[in-house]
4 protein chains.
Amino acid sequence: MLHAADDLLAEHGFAALTIEAIAREAGVAKQTIYRWWPSKVEILLDTLIDDSSKCLAVPQSPTAAGIRGYLRAFARFLAENPAGKVFLALLAQAQHDAATAASFQERYLGPRRAAERELLALAAEAGEIAPRLGVDAVLDALLGPIVYGALTGAAVSGEGVDALVEELLRP
Amino acid sequence: MLHAADDLLAEHGFAALTIEAIAREAGVAKQTIYRWWPSKVEILLDTLIDDSSKCLAVPQSPTAAGIRGYLRAFARFLAENPAGKVFLALLAQAQHDAATAASFQERYLGPRRAAERELLALAAEAGEIAPRLGVDAVLDALLGPIVYGALTGAAVSGEGVDALVEELLRP
Amino acid sequence: MLHAADDLLAEHGFAALTIEAIAREAGVAKQTIYRWWPSKVEILLDTLIDDSSKCLAVPQSPTAAGIRGYLRAFARFLAENPAGKVFLALLAQAQHDAATAASFQERYLGPRRAAERELLALAAEAGEIAPRLGVDAVLDALLGPIVYGALTGAAVSGEGVDALVEELLRP
Amino acid sequence: MLHAADDLLAEHGFAALTIEAIAREAGVAKQTIYRWWPSKVEILLDTLIDDSSKCLAVPQSPTAAGIRGYLRAFARFLAENPAGKVFLALLAQAQHDAATAASFQERYLGPRRAAERELLALAAEAGEIAPRLGVDAVLDALLGPIVYGALTGAAVSGEGVDALVEELLRP
DNA sequence: TAATAATCGAGACGGTACGTCATGTCTTAAG
DNA sequence: CTTAAGACATGACGTACCGTCTCGATTATTA
């Protein structure tokens, strides 16, 4: 069912991602979907969490290179990976629907942000980086442009990410 | 009709913003709306362009203070102004629908970006600022965090904006 | 305008005969039609009266042959003449709408029936025919099968008409 | 649903018989109607077939009296029974729409005509009647005046029916 | 091994909104 | 003063999904 949802989103966009279409695609009764997920947003959230844990883990090594690599992976994830489209679709849907916003925040953005905060703190402590803004501010300053670029169709390149890191974290 | 659409979005969210609801609210026939707008997205775009021209004009004076003021106004616009919700709703809808993406880019983001580019170029020429990234990259680096903050419900404060400007544009 | 209405009925059927279509076909504004006719039924009635006076006049000569010829002409009119379709359409519409029924009765069926009554009376007086039913009954008995045949798509042939006349009017 | 359709036709006429009105009257969703009937014509056809089988069966006994009774019942059915209005409405609609014509012919007129043909054949064989016209011609000659009378608002009386039978079938 | 329960597919149901079409009324500008 | 052009409020069209709801049929477990 997660695959069916994923495929539909990738192939036909969020508008075509209806519960009925997922059921059709997965060869499953509608009620079976409703038994396990309260909404299509939660289905997408499950696929996103799955895929993120596979190819977008927050690195353990608190080095400047690790941070750079993570941000470059994030930019590529949004630009190229089908799961990146899921991220964008959920971020979008959160603007239309408060329940989505809460779920997305709690199950995805929050945990990820916690890990990112820790990464930054350790790296700063180790002298690898020297952020001049607060932790959350610097994370928004790093992730914001990447996400905003993806949202507006102007993907940020690897060099762009590096320049951003240099600008904001250079010791 | 624009007011009706605006009000409905502000009061009940994007999900409740149906063509039929707008018609009901405005005391107007559905067909009358279809006569003038091909979709509710274009209605929102019109209200956004209207409202933006009133309270979010790109400043003429190419000074550091002008740029700071503009970005602070943008952050406040997204956080507090009902029209800011329209911006976020359109950016969100653009992720679900390619036609929205094209329209939003062409009628709103594009022209605004052109004005912003000119502003930055003049200010750099005047020595008011010294961006180390390319024009578009620096604009994304400035606007991205503000938008991302608004999308995730973490509004960027005036001081946050100032710090960002200091970091990225300080001569 | 009458031609436009006629043409549309003949080509695309009664369902496609809308006031807007007539206006379009005639190259005329809708309001111009409403100025002169209260409804499309009256337009059709006008065309039917026109066409009937041309090729379906009740004969003056009160002879058996005259009556036979009139009924054969009526059968052919319904089966082949485009104006015959107008007659059937109006008779049909009269079942759906009381105003049509009244108009059709008063402006078309009534006058025609009066002439037919007179024709039969004169012919009977002259000994050309010997109807055993009342005047209206015999007229219904003659016209009814022809109309019913046309309504059900089973046109009555010339010989069929003759046989009917022989059966009902034979002296 | 059939009752709702019937009631609406009887009370407000064919023009008010919209799918939405039937759904409203029956307390049912529009889609539920579309699930079972392709058009309102088929709904009416179903009610007509139901009602006809109850109170307008073609008699089994091939006697002159049986035929007379059947025709009188038909005349009364058209004049007084609400289901008679359904018959007239369908016959009318068949003039406006070829699909209705085909359906009405195949599901109602055709089967009924077959039974009537058999009735007449048996009665003729038994010497009860002596039709001088062909089977279909005589049926049209008998039914046509009754239907035409109903269509033009001039109901045929019981005596009128008897006279017609006497005239056309007398041995 | 048979009864019992959980899960499934299928799909009907009352709703709501879609975008289109024609209605009959109206206003405007040109002749 | 009539016309064409066409905007307007109204309301039905037939379609797509929504989320809820019964149905058997098919597994799994428990007695």
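Keep in mind that this is a model prediction, so the values were computed, not measured.

J.: Explain the protein's contact with DNA strand F to me, using residue names and the numbers behind them.
T.: Near DNA strand F there are 28 residues, and of these Gln31 and Tyr34 of chain A, Ala29 of chain B, Thr32 of chain C together with Tyr34 of chain D occur at the shortest range. Near the protein, within 4 Å, the atoms of DNA strand F are sugar or phosphate in 58% of cases. For DNA strand F, a phosphate oxygen lies 3.3 Å from a polar atom in the backbone of Ala29 of chain C. Contributions of two or more residues to the surface near DNA strand F are made by helix 2 (19-26) and helix 3 (30-36) of chain A, helix 3 (30-36) of chain B, helix 3 (30-36) of chain C together with helix 2 (19-26) and helix 3 (30-36) of chain D.

J.: Residues and numbers for the interface of chain C and chain D, please.
T.: At the junction of the two partners, chain C supplies 28 residues and chain D supplies 28 residues. Overall, the association of chain C and chain D removes approximately 2,600 Å² of surface from exposure, summing both partners, and the carbon and sulfur fraction of that is 67%. Its largest share of buried area at the contact with chain D, chain C owes to His96, Tyr148 and Glu167 of chain C, together 29% of the area lost on that side. Where chain C meets chain D, there are two salt bridges. For Arg132 of chain C, the salt bridge identified is with Glu167 of chain D, shortest N-O distance 2.7 Å. Where chain C packs against chain D, one counts eight residue pairs in polar contact (both at pLDDT 80 or more). When residues of the side of chain C that touches chain D are traced back to their parent elements, those giving at least two are helix 6 (82-96), helix 7 (98-125), helix 8 (135-151) and helix 9 (158-169) of chain C. The dominant element in the side of chain C that touches chain D, judged by the number of residues it contributes, is helix 8 of chain C, at nine residues. Taken together, the residues of the side of chain C that touches chain D sort by class into 18 nonpolar, six polar and four charged.

J.: Hey, could you go over the UniProt feature "domain: HTH tetR-type" (unreviewed entry) in chain A for me, with residue numbers and the actual values?
T.: Here, the residues flagged by UniProt with the feature "domain: HTH tetR-type" (unreviewed entry) are residues 1-55 of chain A. Taken end to end, residues 1-55 of chain A has its terminal C-alpha atoms 21 Å apart, with 76% of it in helix and 0% in strand.

J.: Could you give me a rundown of the interface of chain B and chain A, with the residues and numbers involved?
T.: The extent of an interface is frequently quoted as the accessible surface area lost upon association of the parts. Every contact between the two is made by 28 residues of chain B and, on the other side, 28 residues of chain A. Approximately 2,500 Å² of surface area, both sides summed, lies buried where chain B meets chain A, with 66% of it carried by carbon and sulfur atoms. Of all residues in chain B, His96, Tyr148 and Glu167 of chain B bury the most surface against chain A, accounting for 29% of the area lost on that side. Our count for the contact surface shared by chain B and chain A stands at two salt bridges. Taken together, chain B and chain A are joined by eight residue pairs in polar contact (both at pLDDT 80 or more). Of all the elements in the fold, those that place two or more residues in the side of chain B that touches chain A are helix 6 (82-96), helix 7 (98-125), helix 8 (135-151) and helix 9 (158-169) of chain B. Considered class by class, the residues forming the side of chain B that touches chain A number 18 nonpolar, six polar and four charged.

J.: Kindly report on the relation of the copies chain B and chain A, identifying the contributing residues and their values.
T.: In this structure, two copies of a chain are linked by a rotation about an axis accompanied by a shift along it. When chain B is brought onto chain A, the operation consists of a screw motion whose angular component is 180° and whose axial shift is 0.0 Å, with 0.1 Å RMSD remaining. In short, the pair behaves as if placed about a two-fold rotation axis. Mapped onto chain A, 100% of the interface residues of chain B are again interface residues, and the two copies thus contact each other with one and the same surface.

J.: Before we move on, can you summarise the relation of the copies chain C and chain D with the specific residues and values?
T.: Relative to chain D, chain C is turned by 180° and slid 0.0 Å along the rotation axis, the superposed coordinates differing by an RMSD of 0.1 Å. Of the interface residues in chain C, 100% have counterparts in chain D that sit at the interface too, so the contact is made through matching surfaces.

J.: Talk me through the protein's contact with DNA strand E; I want residue IDs and the actual numbers.
T.: Surrounding DNA strand E, one finds 27 residues, the nearest of these being Tyr34 of chain B, Glu20, Gln31 and Tyr34 of chain C together with Trp36 of chain D. For DNA strand E, the fraction of protein-proximal atoms (within 4 Å) that sit in sugar or phosphate groups is 57%. One of the side-chain nitrogen or oxygen atoms of Thr32 of chain A is found 2.7 Å away from a phosphate oxygen of DNA strand E. In the model, a phosphate oxygen of DNA strand E is placed 2.5 Å from a nitrogen or oxygen of the Tyr34 of chain C side chain.

J.: Got a sec to walk through the nonpolar core? Specific residues and values, please.
T.: The biggest cluster of nonpolar side chains holds 114 residues, and the ones touching the most others in it are Phe87 of chain C together with Phe87 of chain D. In this structure, Phe87 of chain C is in contact with Leu48, Phe74, Phe77, Leu78, Phe104, Tyr108, Leu109 and Val147 of chain C, ignoring residues within four places of it in sequence. Phe87, Leu120, Ala123 and Val138 of chain B belong to the second-largest nonpolar core, a separate cluster that totals 113 residues.

J.: Pulling in residues and values, what's your account of the pattern of salt bridges?
T.: Going through the model one piece at a time under the given rule, you end up with 40 salt bridges over all chains. For the salt bridge of Glu20 of chain B with Lys30 of chain B, the shortest nitrogen-to-oxygen distance reads 2.8 Å. Of the two residues, Glu20 of chain B is situated in helix 2 (residues 19-26) and Lys30 of chain B in helix 3; the sequence distance between them amounts to ten residues. Taking relative accessible area as the criterion, Glu20 of chain B reaches 43% and is therefore assigned partly exposed. Residue Lys30 of chain B is classed as partly exposed on the basis of its relative accessible area of 37%. A salt bridge links Arg113 of chain D to Glu116 of chain D, with the shortest nitrogen-to-oxygen separation between them at 3.5 Å. Within this pair, Arg113 of chain D and its partner Glu116 of chain D are both found in helix 7 (residues 98-125), separated by three residues, close to a single helical turn. In terms of burial, Arg113 of chain D and Glu116 of chain D fall into one category: buried. A network of salt bridges, in which partner residues are shared, links Arg113, Glu116, Arg117, Asp136 and Asp140 of chain A.

J.: Account for the packing of aromatic side chains, naming residues and giving values.
T.: Residue and element names in this part refer to chain C. Scanning the entire structure with this criterion turns up 16 aromatic pairs over all chains. On the basis of an interplanar angle of 65° and a centroid distance of 5.9 Å, the ring pair of Phe87 and Tyr108 is categorised as edge-to-face. With Phe87 in helix 6 and Tyr108 in helix 7, this pair connects stretches of sequence that are 21 residues apart. Here the two residues Phe87 and Tyr108 agree in accessibility, since each one is buried.

J.: I'd like a rundown of the packing of helix 1 (residues 2-12) of chain D against helix 2 of chain D, residues and numbers included.
T.: All names here are of chain D. Relative to each other, helix 1 and helix 2 sit at 115°, their axes nearing to 9 Å. Viewed along their axes, helix 1 and helix 2 form a crossing whose handedness is right-handed. Contacts from Ala4, Ala5, Asp7 and Leu8 in helix 1 reach Ala21, Ile22, Glu25 and Ala26 in helix 2. By residue class, the composition of the contact of helix 1 with helix 2 is six nonpolar, no polar and two charged.

J.: Give a detailed account of the packing of helix 1 (residues 2-12) of chain A against helix 4 (residues 40-55) of chain A, specifying residues and quantitative values.
T.: Residue and element names in this part refer to chain A. The geometry of helix 1 relative to helix 4 is characterised by a closest axis approach of 9 Å and an angle of 95° between their N-to-C directions. In terms of orientation, helix 1 and helix 4 fall into the roughly perpendicular class. In this structure, helix 1 uses Leu2, Ala5, Asp6 and Leu9 to contact helix 4, whose residues at the interface are Ile43, Leu44, Asp46, Thr47 and Asp51. Residues that form the contact of helix 1 with helix 4 fall into these classes: five nonpolar, one polar and three charged.

J.: Any details on the UniProt feature "DNA-binding region" (unreviewed entry) in chain A? Residues and values, ideally.
T.: Those places that UniProt annotates as "DNA-binding region" (unreviewed entry) correspond, in this numbering, to residues 18-37 of chain A. Here residues 18-37 of chain A is 75% helix and 0% strand, with 13 Å between the C-alpha atoms at its ends.

How each quantity is defined
- Residues numbered from 1 in each chain as written.
- Chains lettered and ligands numbered in written order.
- Predicted model: local features only at pLDDT ≥ 70, side-chain atom pairs only at ≥ 80, totals over all residues.
- Heavy atoms only, no water.
- Near = heavy atom within 4 Å.
- Polar contact = N/O pair within 3.5 Å; in protein donor to acceptor, adjacent residues only side chain to side chain.
- Helix = DSSP H or I, 4+ residues; strand = E, 2+ residues; numbered from the N terminus.
- Contact = heavy atoms within 4.5 Å.
- Buried area = accessible area lost by both parts, 1.4 Å probe.
- Salt bridge = Lys/Arg side-chain N within 4 Å of Asp/Glu carboxyl O.
- Nonpolar A, V, L, I, M, F, W, Y, C, P; charged D, E, K, R; others polar.
- UniProt positions renumbered as here; feature names shortened; annotations may be inferred.
- Least-squares fit on C-alpha atoms with pLDDT ≥ 70 in both.
- Core = buried A, V, L, I, M, F, W, Y, C linked by side-chain atoms within 4.5 Å.
- Buried < 20%, exposed > 50% of the residue type's maximum accessible area, 1.4 Å probe, protein only.
- Phe/Tyr/Trp six-rings, centres within 6.5 Å; stacked < 30°, edge-to-face > 60°.
- Axes fitted to C-alpha atoms, helices over the stretch in contact; angles between N-to-C directions.
- Left-handed = near helix turned anticlockwise from the far one by under 90°.
- Parallel < 35°, antiparallel > 145°, perpendicular 65-115°, else oblique.

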